[in-house]
Amino acid sequence: SGSWSGAEPGSVSEWQADATRPTAMDVIETSALPTDLTEFPDEPSGRLFVSAHRFAYESATCRAGPASAPLTGVASAAALVATKTCALRWATTRRRANKRWSDLRDIYELTRSASSPAIASELALGPAELHRQVADALQSELLRRRRCEAKSTAFRPAKRPADLDHVLEGLVEALTRV
């Protein structure tokens, strides 16, 4: 394993593994949503945010963590794809400039490691048709990215994986089939 090195904030990061650095683990304090929550936000960004994060929390498995959090709930690859899709699709302008490619790279790597059908099957168990929300958001983001890349090569990192579109399109297809 290793971590990914990026460029300065605001620039397009390179797709480059740095195996000399350990993989970072973010420990984020969270809590369950109320069990009586029956209505989700009507607008897509709020709906996906609530659905994805609720699913990530509720489907997490306990694992040994760092000394500061000896027992930690770890979200599955599918849950992380859902939360990263929300961050990618509805990012603030500042986050978009700094994190777009790292969020996209994370979705790509998670999908490659767990397989599109496995992620789709797991997300189909999520609340509020989570799998369809993720498919719609990823499809919109793929179209938006292609329009930007057609206008300027500044939107395309130099070391982007050749199979990026193939992997992401395969995920969208798997999500629409479950």
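It should be emphasised that the depicted structure is a prediction, and the values quoted were computed from it without experimental measurement.

**A short note on the overall build of the chain**
Here is step 1: In terms of helices and strands, the chain carries six helices and four strands.
Here is step 2: Listing each helix as α and each strand as β along the chain from the N terminus yields β-β-α-β-β-α-α-α-α-α.
Here is step 3: Looking at the 178 residues of the chain, the share that counts as buried comes to 39%.
Here is step 4: Taking all contacts inside the chain whose residues are at least 6 apart in sequence as the whole, residues at least 24 apart take part in 62%.
Here is step 5: Surface exposure of the chain reaches about 10300 Å², of which carbon and sulfur atoms provide 54%.

**A short note on the packing of aromatic side chains**
Centre-to-centre distance and the angle between the planes together describe a pair of aromatic rings.
Here is step 1: Evaluation of the coordinates by the stated rule reveals zero aromatic pairs.
Here is step 2: Across from the ring centre of Trp90, 5.6 Å away, lies the NZ or CZ of Arg89, which sits over that ring.

**Side note on helix 1 (residues 44-58)**
Here is step 1: The end-to-end C-alpha separation of helix 1 is 21 Å, in line with the 21 Å expected for 15 residues at 1.5 Å each.
Here is step 2: Of the positions making up helix 1, those classed as buried are Gly46, Leu48, Val50, Ser51, Ala52, Arg54, Phe55 and Ala56.
Here is step 3: In this structure, the buried side of helix 1 is in contact with helix 2 (77-89), helix 4 (116-123) and helix 5 (130-151).

**Overview of the pattern of salt bridges**
Here is step 1: Evaluated as defined, the whole model comprises 10 salt bridges.
Here is step 2: The salt bridge partner of Arg54 is Glu58, with a shortest N-O separation of 3.1 Å. Of the two residues, Arg54 and Glu58 both sit in helix 1, four residues apart, roughly one turn of that helix.
Here is step 3: The buried category is assigned to Arg54, whose relative accessible area is 13%.
Here is step 4: Close ionic contact of Arg145 with Asp165 constitutes a salt bridge, the shortest N to O distance being 2.3 Å.

**Quick word on the environment of Gln139**
Here is step 1: In this structure, Gln139 sits in helix 5.
Here is step 2: When the C-alpha atoms of Gln139 and Glu173 are compared, they prove to be 9.5 Å apart, with 34 residues separating the residues in sequence.

**Some points on unusual backbone geometry**
Here is step 1: Positive phi, close to 55°, is recorded for Ala128, a residue that is not glycine.
Here is step 2: Here Ala128 shows up in the loop between helix 4 and helix 5.
Here is step 3: Looking at Ala128, the relative accessible area reads 25%, which means it is partly exposed.

**Quick notes on the confidence of the model for the chain**
Here is step 1: On average, residues of the chain carry a pLDDT of 76, and 69% of them reach 70 or more.
Here is step 2: Summarising per-element confidence for the chain, the mean pLDDT is lowest in strand 1 (residues 3-5) (34) and highest in helix 4 (95).

**Thoughts on helix 2**
Here is step 1: If you check helix 2, its first and last C-alpha atoms are 18 Å apart, about what 13 residues at 1.5 Å a residue would give, namely 18 Å.
Here is step 2: Most of helix 2 is tucked away: 10 of the 13 residues are buried.
Here is step 3: For helix 2, the set of buried residues is Ala78, Ala79, Val81, Ala82, Thr83, Lys84, Thr85, Cys86, Ala87 and Leu88.

**Description of the nonpolar core**
Here is step 1: Within the largest apolar cluster, 31 residues are counted, with the highest numbers of intra-cluster contacts made by Leu123, Leu130, Val134, Leu138 and Leu175.
Here is step 2: Those elements that provide at least two residues to this core are helix 1, helix 2, helix 3 (93-114), helix 4, helix 5 and helix 6 (164-177).
Here is step 3: With seven residues, helix 6 is the largest single contributor of residues to this core.
Here is step 4: If we ignore the near neighbours within four places in the chain, the residues touching Leu175 are Ala120, Leu123, His131, Val134, Ala135 and Leu138.

**Re the packing of helix 5 against helix 6**
Packed helices, taken two at a time, are described by the angle between their axes plus the distance between the axes.
Here is step 1: The interhelical angle for the contact between helix 5 and helix 6, taken along N-to-C directions, is 150°, at an axis separation of 8 Å. The angle between helix 5 and helix 6 places the two elements in the roughly antiparallel class. Here the hand of the crossing between helix 5 and helix 6 comes out left-handed. Contact residues: His131, Arg132, Val134, Ala135, Leu138, Gln139, Leu142, Arg145 and Arg146 in helix 5; Leu164, Asp165, Leu168, Glu169, Leu171, Val172, Leu175 and Thr176 in helix 6.
Here is step 2: Its residues assigned to classes, the contact of helix 5 with helix 6 comprises nine nonpolar, three polar and five charged.

Cut-offs applied
Residues numbered from 1 in each chain as written. Predicted model: local features only at pLDDT ≥ 70, side-chain atom pairs only at ≥ 80, totals over all residues. Heavy atoms only, no water. Helix = DSSP H or I, 4+ residues; strand = E, 2+ residues; numbered from the N terminus. Buried < 20%, exposed > 50% of the residue type's maximum accessible area, 1.4 Å probe, protein only. Contact = heavy atoms within 4.5 Å. Areas by Shrake-Rupley, 256 points an atom, 1.4 Å probe, with all protein chains shown as cover. Phe/Tyr/Trp six-rings, centres within 6.5 Å; stacked < 30°, edge-to-face > 60°. Lys NZ or Arg CZ within 6 Å of the ring centre and 35° of its normal. Expected span 1.5 Å × (residues − 1). Salt bridge = Lys/Arg side-chain N within 4 Å of Asp/Glu carboxyl O. pLDDT = per-residue confidence, 0-100. Core = buried A, V, L, I, M, F, W, Y, C linked by side-chain atoms within 4.5 Å. Axes fitted to C-alpha atoms, helices over the stretch in contact; angles between N-to-C directions. Parallel < 35°, antiparallel > 145°, perpendicular 65-115°, else oblique. Left-handed = near helix turned anticlockwise from the far one by under 90°. Nonpolar A, V, L, I, M, F, W, Y, C, P; charged D, E, K, R; others polar.

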